[in-house]
Number of protein chains: 2
Amino acid sequence: MVSQTSSGYFDAAAGLPLHPVAIEAWQAAVADGWADPARVHGAGRRSALLLDAAREAVAAELDLQPDELSFQPSGPLALQAAVLGTLAGNRRRDGAGGLVHSAVEHSTVLRAATWHAERGGQVHQVEVDETGQVAAAAFLAAATTTGTAAAVLQAANHEVGTRQPVAEVAAGLAGSGVGLVVDAGHELVFGEPPSAPVFTADARLWGGPAGVGLLAIRRGTRWRAPMPVDEAESGRALGAPNVPAIVAAAASLRASRQDRQQQAGRLSGLIDQLRRRVPELVPDAVVLGAAADRLPHLVTFCCLYVDGLSLLTELDRHDFAVSSGSSCTSDTLTPSHVLVAMGALTGGNVRVSLHRGVDQADIDRFLAVLPAAVARAREGVTINAPAARHRGGPGEPAGQLIDSRGRRCPLPVLDLARALPDVPVGAELTVLADDPAAASDLAAWCRMTGQQLISTGPGPAGSDGARAYRVRRLR
Amino acid sequence: MVSQTSSGYFDAAAGLPLHPVAIEAWQAAVADGWADPARVHGAGRRSALLLDAAREAVAAELDLQPDELSFQPSGPLALQAAVLGTLAGNRRRDGAGGLVHSAVEHSTVLRAATWHAERGGQVHQVEVDETGQVAAAAFLAAATTTGTAAAVLQAANHEVGTRQPVAEVAAGLAGSGVGLVVDAGHELVFGEPPSAPVFTADARLWGGPAGVGLLAIRRGTRWRAPMPVDEAESGRALGAPNVPAIVAAAASLRASRQDRQQQAGRLSGLIDQLRRRVPELVPDAVVLGAAADRLPHLVTFCCLYVDGLSLLTELDRHDFAVSSGSSCTSDTLTPSHVLVAMGALTGGNVRVSLHRGVDQADIDRFLAVLPAAVARAREGVTINAPAARHRGGPGEPAGQLIDSRGRRCPLPVLDLARALPDVPVGAELTVLADDPAAASDLAAWCRMTGQQLISTGPGPAGSDGARAYRVRRLR
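All values derive from a computational prediction rather than experimental measurement.

Another aspect to go through is the nonpolar core. Grouped together as the largest cluster of nonpolar side chains are 236 residues, with contacts concentrated most on Val352, Phe366 and Trp445 of chain A together with Val352, Phe366 and Trp445 of chain B. Apart from residues no more than four positions distant in its own chain, Trp445 of chain B is found in contact with Leu304, Tyr305, Leu345, Val413, Leu416, Ala417, Leu420 and Gln451 of chain B. Core analysis: the second largest hydrophobic core is formed by 43 residues, Val198 of chain A together with Leu84, Trp115 and Ala150 of chain B among them.

Here is the structure:
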């Protein structure tokens, strides 16, 4: 009945076990708040009282008026409604319908953008630097381009923790007529609500139950439901609200924000240790994301020459739960768009996200286990993967062609790393690869190791759609 | 911790307190199934196991393959996704995009239809008879009209209980290329799943938690997500599924279906008593809906000359929770579209929907309380409402004009009922009313009492947009 978190659960960003107060609140609310709060009878009124109290509590906690806050069926659905509803609400103004977002937004935003584009809408994606941060000036320049209806920016990146310049962007867009949506995410757990006209969050991030997303729309903001709705939640949702889950989400939000500064400081100290120690303990490991302007509880690092899935599996054996943006851990075999946008290596990628249940001993144990886990995962890759076939490049006697076709992450990178020492400094070789992750990973590896990616293009005739990556050895 | 249902909770169709097995299942699943089931670690795998088991259990219970069943964030959202997704999936075929639905579908279907029409789609509504039943032949004729992409029919009406000819419609549409969506609703609690290619239900109807809708799409059925989705639920939803709620919904579905025939028989007997006794005990009360081909646990009756809200309030004092399709109980002050489509009087309307916790003693107590409650509510209406001003109709010395402007349901009907005995049989009078509910209610009252509604039209100049209803006294 009490949620079980092993002390090695380091995947807080994917959701937490229920906070004990959330379980208690749910049990109480189920007894008294199961009825539809819109009903004109005792059971309905009791539900409505609980719902009102929860709305007031969350609104007070987040400096909102109660009528600015609606409860949505989940965090992703709240974010989708925020993005598409802000677009719909601002679309009429001089025919504008454009959507601007950073390249590292939650996949829900990218899906909404694709949806919008498929229906003839303009979409502009603002690129990020190697820490995953968008430049406020570039974002504002894009967002204030004529025709923009909505702009979407996360408070901080959910994969690498880098904070975005939300305050600057919000100030720049105030009065511009462009609707700004902020995916507040973890900032509501550790920091202050954004000053944006629209923001969203997922109760699962603070130990609330699944099935509750927050959608805040400040008074005077244009927003129109992107799908049919009814009278529930002031016309911002469909169907009776899930009162017990909402009550539980409200209780756990307040509980988790009570000591948020203390928790942020403590977790940030633990993350600092990982940022410093992992590259010391693990050969060929790099830490990604901003070092200072970041979420306190989250870090992503990347171990070369290993695939993320093997590393997750090794860590899982030791009861550590982490996540990975590597392509091998995705259903679609595509690497994380966040890491690709940062130009980071996506293979061997590990995200650690902590929560209040993690302490120093857990971090010590993780650091004790990690080096051997990486070594074993690397060994597995080397043993199971025969070297790629090398052969002279066509019409290029001095060059080499490395055939990595049919080989998945991290093998194309490993093939390149193995073959490059065999060519003289200043000479080049070509990797032929059909793994979609190879495009970003080979480029990232060259950048990281100081080699030169000369060009990327179609492979020679007969190479079955593979791409050819020409690399020059510089050192 | 145990859900509290007063024995006078007669609003099962608006949602039930959680079934005890649902609470137990939720508590167990929260401990072990809180993580995102798509994650590659122990906590994710434990969630995935629970989710798979729940899906298999529900699928087995409803004669589905597990991959035909997806869990949606609520019953209404499942129904909306079914309707708009079936339209989207069938739209390309020879450019067809029409939607056919009965006039008495759940408001979610009507909202989706309005949405579709606002975007240029064709919508055809099939009318019902006075019991609320659609004729299979009429429905099939509309649905097989060239250009129809999707047809929507409920298994049984949620307000009056009348069953619809789903089997006949499904057989008639098989192989037609028109997508059929069935809102299965209460039939999953008491009967068998419909033979339709797509059907939906809400777990709240069988004591499952809020936040779980079922969407069944049989193999080989065309359906396309009407909004952006991700990999969750085989591309039929967005965001990680709510595993604890799904496990609870599955457990309570199995538990409530275990003795479904026995419960259906028992509740049907109690409803039969209400159908027979209410008109005997309450003057000017009529029972609506089909007498035989109906849901077992639900009946709607109508008490003339009283408003639904007053009656609900009187019954609530005695701890009876019922619902009403009267306009005064709706946020928008419009009467139930179901009752209007049936040509029924909407004022003083009461829906009783029972559940396994109700027994003979509760029904006896209800029948003991009801006559006085109706009498008191009627008294309140009479005391608080001075008689409408009567005056001679313009240019019609023998006629009378009853000014019911500014008076809400049930007053226009009451005004007519009070005034009609004062005119001779064969003579006529005119009611001037601006209550939107008056249009259907005055017509229904004339039908019920054997009087003649001669015409309905705009009121005389200066009547501020009121409508004039000409009525002839026939008896």
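It is worth spelling out the relation of the copies chain B and chain A at this point. When chain B is fitted onto chain A, the two copies agree to an RMSD of 0.1 Å after a turn of 180° and an axial shift of 0.0 Å. Here the copies are linked by what is in effect a two-fold axis. Comparing contact sets, 100% of the residues at the interface of chain B also lie at the interface in chain A, consistent with an isologous, same-surface contact.

All names here are of chain A. The strand order β1-β7-β6-β5-β4-β2-β3 describes an open sheet built from seven strands, whose pairing is mixed. Across the chains shown, the open sheet's two edge strands, defined by having one partner strand only, are β1 (69-72) and β3 (123-126). Neighbour-to-neighbour, the strand axes of this sheet turn through a mean angle of 20°, independent of strand direction. The strands touched by helix α5 (residues 136-143) within the sheet are β2 (98-102), β3 and β4 (148-154), with β4 carrying the most contacts at an inclination of about 155°.

Moving on: the pairing of strand β5 (residues 179-183) of chain B. All names here are of chain B. Burial within β5 is extensive, with five of its five residues counted as buried. What you see with β5 is no split at all: Gly179, Val181 and Asp183 on one side and Leu180 and Val182 on the other are buried throughout. Pairing of strand β4 (residues 148-154) with β5 involves five bridges; the strand directions are parallel. Of the residues in β5, the one forming a bridge with Val152 is Val181. In the classification by handedness, the crossover that spans β4, the intervening helix α6 (residues 166-173) and the parallel β5 is right-handed. Two elements, β5 and strand β6 (residues 198-202), share three bridges in a ladder whose sense is parallel. Bridging from a neighbouring strand, Val182 pairs with Phe199 of β6.

This part is about the packing of aromatic side chains. Per the stated rule, a full pass over the model turns up nine aromatic pairs over all chains. Between Tyr9 of chain A and Trp34 of chain B, the aromatic rings sit 4.6 Å apart at their centres with planes inclined by 85°, giving edge-to-face as the arrangement. Of the two residues, Tyr9 of chain A sits in the segment before α1 (20-32) while Trp34 of chain B sits in the loop between α1 (20-32) and α2 (42-61), which places them in two different chains. Across this residue pair, the class does not change: Tyr9 of chain A and Trp34 of chain B are buried. Ring pairs connect the aromatic residues Phe10, Phe320 and Phe366 of chain A, which therefore count as one cluster. Over the face of the ring belonging to Trp115 of chain B we find Arg119 of chain B, whose NZ or CZ atom lies 3.5 Å from the ring centre.

Conventions we followed
Residues numbered from 1 in each chain as written. Chains lettered and ligands numbered in written order. Predicted model: local features only at pLDDT ≥ 70, side-chain atom pairs only at ≥ 80, totals over all residues. Heavy atoms only, no water. Core = buried A, V, L, I, M, F, W, Y, C linked by side-chain atoms within 4.5 Å. Buried < 20%, exposed > 50% of the residue type's maximum accessible area, 1.4 Å probe, protein only. Contact = heavy atoms within 4.5 Å. Least-squares fit on C-alpha atoms with pLDDT ≥ 70 in both. Pairing = 2+ DSSP bridges. Helix = DSSP H or I, 4+ residues; strand = E, 2+ residues; numbered from the N terminus. Axes fitted to C-alpha atoms, helices over the stretch in contact; angles between N-to-C directions. Right-handed = clockwise from strand over helix to strand, strands pointing away. Phe/Tyr/Trp six-rings, centres within 6.5 Å; stacked < 30°, edge-to-face > 60°. Lys NZ or Arg CZ within 6 Å of the ring centre and 35° of its normal.

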